[in-house]
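Remarks on the overall topology
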Protein chains: 2
Amino acid sequence: MKTALVGIGKIAVDQHVPAIADSAEWELAATVSRHGSVDGVEAFTDMGKMLQARPDIRVVSLCLPPVPRFAYAMQALEAGRHVMLEKPPGATLAECHALDAAARAAGLTLYATWHSRHADMVGAAKSWLSDKMLRALRVTWKEDVRRWHPGQAWIWEPGGLGVFDPGINALSIVTEILPAQIHVTGATLEVPSNCQTPIAAEIAFHHPDGADVSAVFDWRQQGDQTWEIEAVTDSGTLTLRDGGAVMEVDGTVSGQAAPLGGEYPRLYAQMAQLVTTGGIDMDLRPLTLVTDALALGRRVATDPFED
Amino acid sequence: MKTALVGIGKIAVDQHVPAIADSAEWELAATVSRHGSVDGVEAFTDMGKMLQARPDIRVVSLCLPPVPRFAYAMQALEAGRHVMLEKPPGATLAECHALDAAARAAGLTLYATWHSRHADMVGAAKSWLSDKMLRALRVTWKEDVRRWHPGQAWIWEPGGLGVFDPGINALSIVTEILPAQIHVTGATLEVPSNCQTPIAAEIAFHHPDGADVSAVFDWRQQGDQTWEIEAVTDSGTLTLRDGGAVMEVDGTVSGQAAPLGGEYPRLYAQMAQLVTTGGIDMDLRPLTLVTDALALGRRVATDPFED
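For every chain, the first residue of its written sequence is number 1, and the numbers climb from 1 along that sequence. To read the labels, note that chains go from A and ligands from 1, taken in the order they are written. At least 70 in pLDDT is required for a residue's local features to be given in this predicted model, at least 80 for side-chain atom pairs to be given and counted, and no such filter applies to totals for whole chains, interfaces and linings, which use all residues. Note that water and hydrogens are dropped before the side-chain values are worked out from all heavy atoms of the structure.

- The name recorded for chain A in an unreviewed UniProt entry is D-galactose 1-dehydrogenase, from Yoonia sediminilitoris.

1. A closer look at the overall build of chain A
- Put simply, DSSP H or I for four residues or longer makes a helix, DSSP E for two residues or longer makes a strand, and each gets a number counted from the N terminus. When you go through chain A residue by residue, the secondary structure sums to nine helices and 16 strands.
- In this description the radius of gyration comes from C-alpha coordinates, and the expected globular size is given by 2.2 Å times residues to the power 0.38. In terms of C-alpha radius of gyration, chain A reaches 19 Å, essentially the compact-globule figure of 19 Å for 307 residues.
- By its C-alpha atoms, chain A is 55 × 45 × 35 Å across when sized along the principal axes.
- Each residue gets one of three labels from its accessible area relative to the maximum for its type: buried under 20%, exposed over 50%, partly exposed in between, using a 1.4 Å probe on protein chains only. A burial count over chain A gives 58% of its 307 residues as buried.
- Counting contacts in chain A only where the partners sit at least 6 residues apart, residues at least 24 apart contribute 71% of the total.
- Note on areas: Shrake-Rupley, 1.4 Å probe, and residue coverage restricted to the protein chains presented here. Accessible surface for chain A amounts to roughly 12100 Å². Of this, 49% is attributable to carbon and sulfur atoms.
- Across chain A, 24 positive and 38 negative side-chain charges occur, with their mean positions spaced 3 Å apart. Throughout, a contact is declared for two residues whenever any of their heavy atoms are within 4.5 Å. Two residue types count as positive, namely Lys and Arg, and two as negative, namely Asp and Glu; His and chain ends fall outside the count. Taken as the charge centre is NZ of Lys, CZ of Arg, CG of Asp or CD of Glu, depending on the residue.

2. Thoughts on the packing of helix H9 (residues 285-296) of chain A against helix H4 (residues 93-106) of chain B
- Across the interface, H9(A) lies against H4(B) with an axial gap of 8 Å and an inter-helix angle of 125°. In this view, H9(A) runs oblique relative to H4(B), as classed from their interaxial angle. Residues Thr288(A), Leu289(A) and Asp292(A) of H9(A) touch H4(B), and the partners they reach there are Leu93(B), Ala94(B) and His97(B).
- Side-chain classes follow a simple rule in which Ala, Val, Leu, Ile, Met, Phe, Trp, Tyr, Cys and Pro form the nonpolar group, Asp, Glu, Lys and Arg form the charged group, and the remainder, Gly included, forms the polar group. Considered class by class, the residues forming the contact of H9(A) with H4(B) number three nonpolar, two polar and one charged. Interaxial angle, 0 to 180 degrees, is taken between N-to-C directions of lines fitted to C-alpha atoms, where a helix line uses only the stretch in contact. We call two directions roughly parallel when the angle between them is under 35 degrees, roughly antiparallel when it is over 145, roughly perpendicular when it lies between 65 and 115, and oblique otherwise.

3. Here's the deal with the UniProt feature "domain: Gfo/Idh/MocA-like oxidoreductase N-terminal" (unreviewed entry) in chain A
- UniProt positions are given in the numbering used here, feature names are shortened, and annotations may be inferred rather than shown by experiment. Taking the numbering used here, the UniProt-annotated feature "domain: Gfo/Idh/MocA-like oxidoreductase N-terminal" (unreviewed entry) corresponds to residues 2-111 of chain A.
- Span residues 2-111 of chain A is 43% helix and 22% strand, its end C-alpha atoms 16 Å apart.

4. As for the relation of the copies chain B and chain A
- Least-squares fitting of chain B to chain A yields an RMSD of 0.0 Å, with the superposition described by an axial translation of 0.0 Å and a rotation of 180°. Both chain copies can therefore be described as sitting about a two-fold axis. Residue Ala295(B), judged by its C-alpha, is the member of chain B lying nearest the rotation axis, at 2.4 Å.
- Of the interface residues in chain B, 100% have counterparts in chain A that sit at the interface too, so the contact is made through matching surfaces. A residue counts toward the fit only if its pLDDT is at least 70 in both copies, and the copies are then superposed by least squares on the C-alpha atoms of those residues.

5. Concerning the packing of aromatic side chains
Residues and elements named next belong to chain B.
- Planes of paired rings set the category: under 30 degrees apart is stacked, over 60 is edge-to-face and the rest tilted, where pairs are Phe, Tyr or Trp rings (Trp by its six-membered ring) whose centres lie within 6.5 Å. All told, the structure shown has ten aromatic pairs over all chains when counted by the stated rule.
- Judged by centre distance (5.6 Å) and plane angle (75°), the rings of Trp 148 and Trp 227 are edge-to-face. Remark: Trp 227 occurs in strand S11 (residues 226-233) and Trp 148 occurs in helix H6 (residues 145-148); sequence separation between them is 79 residues.
- Trp 148 gets classed as partly exposed once you look at its relative accessible area, which sits at 34%.
- On the basis of an interplanar angle of 35° and a centroid distance of 4.6 Å, the ring pair of Trp 156 and Phe 305 is categorised as tilted.

6. What about the environment of Gly40(B)?
All names here are of chain B.
- Tracing the backbone shows Gly 40 in the loop between strand S2 (27-32) and strand S3 (42-44).
- Accessibility expressed as a relative area gives 88% for Gly 40, which makes it exposed.
- Considering only alpha carbons, one finds Gly 40 and Ala 29, eleven residues apart in sequence, at a separation of 9.4 Å.

7. So, the interface of chain B and chain A
- Opposite the 26 residues of chain B that make contact, chain A presents 26 residues.
- Buried area is understood as the total, over both parts, of accessible area removed when two parts are fitted together, assessed with a 1.4 Å probe. Of all residues in chain B, the largest losses of buried area upon contact with chain A belong to His183(B), Leu296(B) and Arg299(B), amounting jointly to 24% of the total for that side.
- By definition here, a salt bridge exists when the distance from a side-chain nitrogen of Lys or Arg to a carboxyl oxygen of Asp or Glu is within 4 Å. Taken together, the links from chain B to chain A amount to two salt bridges.
- Salt-bridge contacts for Glu157(A) lead to Arg298(B); the nearest nitrogen and oxygen are separated by 2.6 Å.
- Here a polar contact is taken to be a pair of N or O atoms separated by no more than 3.5 Å, where protein atoms must pair a possible hydrogen donor with a possible acceptor and residues adjacent in sequence count only if both atoms sit in side chains. The interface formed by chain B and chain A contains eight residue pairs in polar contact (both at pLDDT 80 or more).
- Broken down by secondary-structure element, the contributors of at least two residues to the side of chain B that touches chain A are H4, strand S8 (183-192), helix H9 (285-296) and strand S16 (298-302) of chain B.
- Ranked by residue count, the leading element in the side of chain B that touches chain A is H9(B), at seven residues.
- In terms of residue class, the side of chain B that touches chain A is built from twelve nonpolar, nine polar and five charged.

8. So, the domain arrangement of chain A
Residues and elements named next belong to chain A.
- Start and end points for every domain follow an automatic or database-based domain assignment. By the assigned domains, chain A splits into domain 1 (2-112) and domain 2 (118-256 + 291-302).
- One C-alpha centre belongs to domain 1, the other to domain 2, and the line joining them spans 27 Å.
- Counting from both sides, the interface comprises eight residues of domain 1 and, opposite them, twelve residues of domain 2.
- Roughly 740 Å² of surface becomes buried between domain 1 and domain 2 when both sides are summed, with 64% attributable to carbon and sulfur atoms.
- For domain 1, the biggest contributors to the area lost against domain 2 are Lys 10, Lys 87 and Pro 88; these three give 50% of the whole.
- The interface formed by domain 1 and domain 2 includes one salt bridge.

Below you can see the structure in the form of structure tokens.
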């Protein structure tokens with residue numbers, strides 16, 4: 001299956017290109033990017049020209065930042081291509097609804113990917129939690145923005161999500177592993193005085209059974225990086241560490257890793273299946289929680305951020 | 001049909017109580033409010049006690065501020081009551097989804113009301129626009145917050161929406177009268193330095209046919225108040241004035257007003273019909289646009305607001 005990769009930045013080079021290269025199902029047939037390219041792959045700078053020149057490419061994978069993504073996705077759908085979206089699937093919920101409606105009307109596949117849901121132990125954690133009564137869940141997502149987003153000015157601009165860019169990964173896992181639906185009841189957002197998006201957030205959620213659910217996201221973490229979800233239940237405590245790569249039950253490593261090594265190989269395997277079956281997978285719950293938190297959150301100004 | 005009114009504040013006294021009193025279908029059978037009551041109507045201060053004491057009341061109408069609304073709505077649904085929600089239907093989108101799921105599971109009516117959609121000329125405007133090609137649409141919603149929200153501190157707190165509290169009325173009309181779906185592409189939010197919510201906003205929207213769609217909301221308007229939507233089409237210009245009470249085409253008053261005098265009588269008539277047919281009406285498009293604008297908007301600090 002041939003795909004074009006649109007937006008050759010850090011995430012494309014680090015994850016998408018190797019995942020496609022290692023896959024027996026996929027072939028990277030073209031790139032679209034103003035500056036980036038991939039050795040040995042036909043490079044376009046204009047999306048429209050690529051769509052016209054390469055009718056053999058039926059799938060377009062978009063990994064540019066969220067704000068410009070809608071226009072590219074709609075252009076690809078209007079040209080009859082299946083579309084795969086990096087997370088978050090768009091800058092707003094309403095534009096995601098518009099893409100969903102367009103894909104449905106055209107009978108095309110549309111896939112809002114959440115790569116962290118495909119971390120090794122997420123499936124095992126979901127299975128373990130499925131028959132437990134949740135008492136409390138705490139997300140701790142603390143990393144160094146300078147290490148993971150060097151020079152990415154767009155993350156501080158409206159629509160860039162700030163610390164919710166990694167935080168949405170945690171919420172994509174939480175919404176996957178919890179049988180119940182949660183919603184945001186309050187949030188405190190620390191916003192650098194020279195930025196539009198938060199560098200840290202503390203979020204409280206409502207859980208229908210009254211479990212105490214909360215999250216802390218912080219982009220100012222030096223040294224050890226923490227991507228952890230702890231779920232206290234009536235029959236033990238589950239901890240997902242390293243963004244879902246490790247699972248512990250009551251402190252003991254547990255569970256069986258998902259097949260196929262790595263998050264992005266699993267995303268592309270899922271996309272291949274969706275295209276084959278004509279499916280649409282647009283689970284917007286992680287983006288809904290983030291949008292709600294950004295809209296409802298109490299903003300507190302904090303120190304300016306210099307990259 | 002007996003209803004209990006929950007939250008006896010300005011909107012209840014100004015609109016809900018008279019609409020129910022004037023209706024042949026409805027009877028105001030109880031109120032729930034910490035401080036307010038209605039002469040001659042059984043008054044409760046506790047929602048649970050009302051639900052227990054008055055099993056004959058099958059419908060609960062909630063007009064308290066958006067942040068506490070979810071808990072009351074869920075309590076009423078869990079007690080098997082049909083629920084009518086003042087606008088906005090909740091403080092977050094995800095809590096609205098939870099209410100929707102609960103009502104569906106229980107087979108109960110749930111109605112997210114948008115009173116401005118029932119202004120006299122909104123139906124006529126929708127009908128006129130249905131076969132036109134839109135070129136541009138401009139919303140101008142400028143009012144004096146001190147006149148319309150005296151002493152309502154919650155509007156300046158997270159979840160209070162600020163100028164989007166009236167602005168969402170405009171967007172409820174726009175989403176009703178336009179055949180196409182729009183979404184927010186950018187917004188500038190002027191936030192008083194001592195408040196959490198905007199006092200003014202300028203919003204740009206994407207329209208699928210490329211029409212130039214924008215809105216300005218401002219709560220600092222002295223003197224004449226402006227609630228206007230102007231739609232320029234390939235065959236004339238439609239103007240809705242006074243929040244939808246007056247319609248003009250190319251400057252000439254036009255159109256036939258909806259039957260039943262007034263927005264709230266129409267809401268209660270619609271609720272009676274939904275209860276009779278077991279319907280659910282949870283159109284979240286206005287709240288989605290507002291949530292998207294608050295999440296995506298560029299915040300600019302402005303003068304502190306003193307009530």
